[in-house]
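Secondary and tertiary structure notes
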Amino acid sequence: MRFVEPSREVLAETLLAAGPGANTLCEGWRTQELAAHLYLREHNPRAGLGMVLKPWRKATEKAIAKLAAESSTPEAYAALVEKFRAGPPKISPFALKAVEHSANLAEFFIHTEDVRRASDRWAPRALDAEYSQALWAELITRAAILYRSVDLGVVLVNASGPRHVAKRAPVSVAIIGEPGELLMHANGRTGQALVSFEGQQDAVALLQTAPVGL
């Protein structure tokens, strides 16, 4: 659980460094939309649920767009990022450490990279070994859902040794990389994840075009 707060700080600093109007890997979102999403999911329960529940999705998208429009100037954008950095209100479910860990550990890492990797010049971060292990643990709890639409077996291979079968099928592909890179791939950032593949050539080609993530 101790990695979430430092990850929040890194994400906030990354957003501030990029400034408003910068590209991200989140389709249709600039940095101010991403910052609005991060703030609203912790401060507005309906907005948070709207990311996964279709009946509330349009309202959530409108709320994000409105807050993003209000945060397009450098000053307003910086204020929004600082509100996110301050964390959830005490009455929010995210204020519970167990919920915060489950909901934010992977979320904060992925969105930090969404900003960093939208630039032409980026390099993978050197992550603390325990942090990498925590990301791996989060990944394997969600891998079956994230790869559910792939018509292949999928085996995730941590570069440090551990393996996890995300999906079983007669034909499988192994995806190999550091935990953070595997996490990016599993969450649909397939073109920006530094991973390699082992398997039949046609199976690897199928995986590379398959829908991955939520």
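Everything below is about the structure shown above.
Now for a description of the structure that goes with this document. (Residues numbered from 1 in each chain as written. Predicted model: local features only at pLDDT ≥ 70, side-chain atom pairs only at ≥ 80, totals over all residues. Heavy atoms only, no water.)

If you look at the biggest cluster of nonpolar residues, it comprises 52 residues, and the most contacted ones within it are L15, Y147, V150, L156 and I175. Examining the composition of this core, we find that seven residues originate from one element, helix α7 (residues 129–146), more than from any other. (Core = buried A, V, L, I, M, F, W, Y, C linked by side-chain atoms within 4.5 Å. Buried < 20%, exposed > 50% of the residue type's maximum accessible area, 1.4 Å probe, protein only. Helix = DSSP H or I, 4+ residues; strand = E, 2+ residues; numbered from the N terminus.)

Time to look at the packing of helix α2 (residues 31–43) against helix α6 (residues 97–116). Packing of α2 against α6 brings their axes to within 11 Å, and their N-to-C directions diverge by 170°. With respect to α6, the axis of α2 lies roughly antiparallel. Mapping the contact onto sequence places T31, L34, H37, L38, R41 and E42 in α2 and A103, N104, E107, F108, H111 and V115 in α6. Of the residues belonging to the contact of α2 with α6, the class tally is five nonpolar, four polar and three charged. (Axes fitted to C-alpha atoms, helices over the stretch in contact; angles between N-to-C directions. Parallel < 35°, antiparallel > 145°, perpendicular 65-115°, else oblique. Contact = heavy atoms within 4.5 Å. Nonpolar A, V, L, I, M, F, W, Y, C, P; charged D, E, K, R; others polar.)

With respect to the secondary-structure elements, N187 resides in the loop between α8 (179–186) and β4 (196–198). In this structure, N187 is in contact with I110, L146, V212 and G213, ignoring residues within four places of it in sequence.

Judged by pairing direction, the sheet is mixed, and its four strands sit side by side in the order β2-β1-β3-β4 without closing on themselves. Either end of the sheet is taken by a strand with one partner, and the two such strands are β2 (163–167) and β4. Sheet twist, expressed as the mean angle between neighbouring strand axes with direction ignored, is 25°. As judged from the four bridges shared by strand β1 (residues 153–158) and β2, these two strands associate in the antiparallel manner. Across the sheet, residue V155 finds its bridge partner in β2, namely V165. (Pairing = 2+ DSSP bridges.)

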